[in-house]
Amino acid sequence: MNKISNFGIFTLLFVSSLTIMVGTVIAPSLSGIIEHKNLGFSPGWLITLPSLGVVLFAPLIGRLLHRLGTINLLSLGLIPYAILGLLGAFITNDYLLIVDRILLGAATVAIQVSVTAYIADFFTGETRVKMIAWQGMAIEMGGVVFLAIGGVLGEINWQFPFYIYLLALVCLFLVIKVLPKATPHIEVNKEASATDTNNKSKVRLIFIASLLAMMLFFVGFVTLPLHLPQSFGFSESETGYLMASISVIAIIAASRMPKMVRVFGDDKTVVLGFLFFMLGYIVLATTTSIAFLSLTVIFIGTGFGFTIPLLNHMMLEASTTNTQGKNLGLFSMGVFGGQFLSTFVEYISHNYMAIYSVAAGLALFIGCVVYFLFQKLHKEYTRLNSSYF
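Residues numbered from 1 in each chain as written. Predicted model: local features only at pLDDT ≥ 70, side-chain atom pairs only at ≥ 80, totals over all residues. Heavy atoms only, no water.

Asker: How do you make sense of the overall build of the chain when you look at a structure like this?
Answerer: The helix and strand tally for the chain stands at 14 helices and 0 strands. A compact globule built from 389 residues would reach a C-alpha radius of gyration of about 21 Å, and the chain, at 20 Å, matches this within 12%. Dimensions of the chain, computed from C-alpha atoms along their principal axes, come out at roughly 65 × 50 × 35 Å. A total of 389 residues make up the chain; the buried ones form 54% of that total. Counted over contacts in the chain with a minimum sequence separation of 6, partners at least 24 positions apart contribute 84%. Accessible surface computed for the chain: about 17,200 Å², of which carbon and sulfur atoms make up 66%. (Helix = DSSP H or I, 4+ residues; strand = E, 2+ residues; numbered from the N terminus. Rg over C-alpha atoms; globule rule 2.2 N^0.38 Å. Buried < 20%, exposed > 50% of the residue type's maximum accessible area, 1.4 Å probe, protein only. Contact = heavy atoms within 4.5 Å. Areas by Shrake-Rupley, 256 points an atom, 1.4 Å probe, with all protein chains shown as cover.)

Below, the structure is given as structure tokens:
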């Protein structure tokens, strides 16, 4: 198998960062978009519709991975990502704009699935865990950097943030020039083993856990832009700084995640992530002090770092060569489906303290259930292997 250079690793991380900006990069210019576009739907849909596109197209993209290969699928994702992203600035018809944003989600899932599969082809064991952690860090770093750039460009002209999507063409050039062709690992008769049923159950559990973890993470991103100005008198820039701080903590937590896995194991680390989500929302539900908001930043950021990157790795570990594309598509459905579900949080209550209380309770309940189901899977795995041998 060919070795990948350090610049190749940088390219993978750079490409990975595109997935987080698909909706959020235009968020700072939403007020300008509302002013210049006569939208017949909620402006927030421009941010969430790509997530819906990921959910709708993930099964198809997952099947295409096995047929086209990682590099081809990645290239086919980057081209429409750039074109569809930029076109959003110039489309005036509501229906065409909705279709454009949904198809942009399809291009996004092609990028995410192919990059993660490429990492799986080139890295194994602890090195793979470290790469997946770096990927999670790159995604969160992209959220910080692209939001900041989008804000600056949006102040100049409301259309300028859409041009950031053209970075996908730079990524395409790097992919073609830098990344060697991947040679997938061959796993002989893994599908026929006695643990096949156990793997399918684990894949379903990882999908549900990723869906719920991302939903809990994005509850903060959906509500804080309104809650902080109302309850703490934050300005738009101060709100942006606090939300960016959550992403920075998520980056740090993701960097420590491989060490946590070595100490506690992957399933217990995931459960710990849900408990950190719980702590973060408990603080938001109970505090009226700005000083305590730093705890929320630490807890929610750590919750992300201990869940989403690790669940991505666990999905790879539970996959075979034949099921990898399908399972990675399923993981993308979970992650972006969670983002989409978080937009409905406003229907819980108009009282943010109530919303955060519900989120904290959900995080505790989900953590307990996930822990119980992982323990059940371990026992079933042990029983199947002992009877098989």
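Now that the structure is up, let's keep going.
Asker: What am I meant to see in the nonpolar core here?
Answerer: Generally speaking, soluble globular proteins have nonpolar side chains that are buried together. If you look at the biggest cluster of nonpolar residues, it comprises 121 residues, and the most contacted ones within it are Leu78, Tyr81 and Phe217. At 15 residues, the largest contribution of residues to this core is made by helix H5 (residues 94-122). Residues contacting Phe217, with those up to four places away along its chain left out, are Glu140, Ile246, Phe277, Tyr281, Ile300 and Phe304. (Core = buried A, V, L, I, M, F, W, Y, C linked by side-chain atoms within 4.5 Å.)

Asker: Hey, could you run me through a nonpolar patch on the surface in this one?
Answerer: Taken together, the side chains of Phe90, Val152, Ile156, Phe160 and Tyr163 define a hydrophobic patch exposed on the protein surface, amounting to about 480 Å² of accessible area. Relative to the helices and strands, Val152 is located in helix H6 (residues 125-156). (Patch = residues over 30% accessible without salt bridge, like charges linked within 9 Å, V, L, I, M, F, W, Y side chains within 5 Å. Salt bridge = Lys/Arg side-chain N within 4 Å of Asp/Glu carboxyl O.)

Asker: I'm lost on the environment of Thr343 in this one. Help?
Answerer: For Thr343, the location among the structural elements is in the loop between helix H13 (324-342) and helix H14 (352-388). On a C-alpha basis, the gap between Thr343 and Pro80 in space is 26 Å, while along the polypeptide they are 263 residues apart. Once you skip the residues sitting within four places of it in the chain, Thr343 turns out to touch Thr48 and Val222.

Asker: How do you make sense of the side chain of Lys202 when you look at a structure like this?
Answerer: Examined against the element boundaries, Lys202 turns out to sit in helix H8 (residues 196-232). Buried and unpaired, Lys202 has no salt bridge, with Asp266 as the nearest side chain of opposite charge at 4.5 Å. Every residue in contact with Lys202, bar those within four places of it in the chain, is listed here: Asp266, Met314, Ala318, Phe374 and Leu377. (Lys, Arg positive; Asp, Glu negative; His and termini not counted.)

Asker: Sorry, what's going on with the packing of helix H1 (residues 6-24) against helix H7 (residues 167-178) here?
Answerer: When two helices pack together, their arrangement is captured by the angle between the axes and the distance separating the axes. Look at H1 against H7: their axes get within 10 Å of each other, and the N-to-C directions meet at 150 degrees. By the angle between their directions, the pair H1 and H7 is classed as roughly antiparallel. Judged by the twist between their axes, the crossing of H1 over H7 is left-handed. Residue-level inspection shows Phe7, Gly8, Thr11, Phe14, Val15 and Leu18 of H1 in contact with H7, the latter providing Leu167, Ala168, Val170, Cys171, Leu174, Val175 and Val178. Residue composition of the contact of H1 with H7, grouped by class: 11 nonpolar, 2 polar and no charged. (Axes fitted to C-alpha atoms, helices over the stretch in contact; angles between N-to-C directions. Parallel < 35°, antiparallel > 145°, perpendicular 65-115°, else oblique. Left-handed = near helix turned anticlockwise from the far one by under 90°. Nonpolar A, V, L, I, M, F, W, Y, C, P; charged D, E, K, R; others polar.)

Asker: What is the right way to read H7 from this model?
Answerer: Every α-helical turn comprises 3.6 residues, leaving residues that sit three or four positions apart pointing alike. With 12 residues, H7 should reach 16 Å at 1.5 Å per residue; the first-to-last C-alpha distance of 16 Å fits that figure. Among all positions in H7, only Ala168, Cys171, Leu172, Leu174 and Val175 are buried. When H7 is viewed along its axis, its buried side chains cluster within an angular range of 165 degrees and face the same direction. Exposed residues lying more than 90 degrees from the buried face of H7 are Ile176 and Lys177. Those residues of H7 that are buried are in contact with H1 and helix H4 (70-87). (Expected span 1.5 Å × (residues − 1). Arc of directions from axis to C-beta.)

Asker: So what exactly am I meant to see when it comes to the packing of helix H12 (residues 308-317) against H13 here?
Answerer: The contact between H12 and H13 brings their axes to 9 Å, and the two run at 160 degrees. Classified by the angle between their axes, H12 and H13 sit roughly antiparallel to one another. Viewed along their axes, H12 and H13 form a crossing whose handedness is right-handed. Contacts between H12 and H13 involve Ile308, Leu311, Asn312, Met315 and Leu316 from the first element and Gln324, Asn327, Leu328, Phe331 and Val335 from the second. Considered class by class, the residues forming the contact of H12 with H13 number 7 nonpolar, 3 polar and no charged.

Asker: Before we go on, may I ask you to explain the pattern of salt bridges in this structure?
Answerer: Pairs can form between side chains of opposite charge whenever their charged atoms are close. This structure, assessed with the given rule, holds 2 salt bridges. As a salt-bridge pair, Glu317 and Arg128 come within 2.8 Å of each other at their nearest N and O atoms. Pair noted here: Glu317 is in helix H12 and Arg128 is in helix H6, with a separation of 189 residues, a long-range link. Given a relative accessible area of 8%, Arg128 falls into the buried group.

Asker: Honestly, the environment of Leu311 in this entry has me stumped. Any pointers?
Answerer: Structurally, Leu311 is set in helix H12. With near-sequence residues (within four places) excluded, Leu311 lies in contact with Ile206, Ala209, Ser210, Val270 and Phe331.

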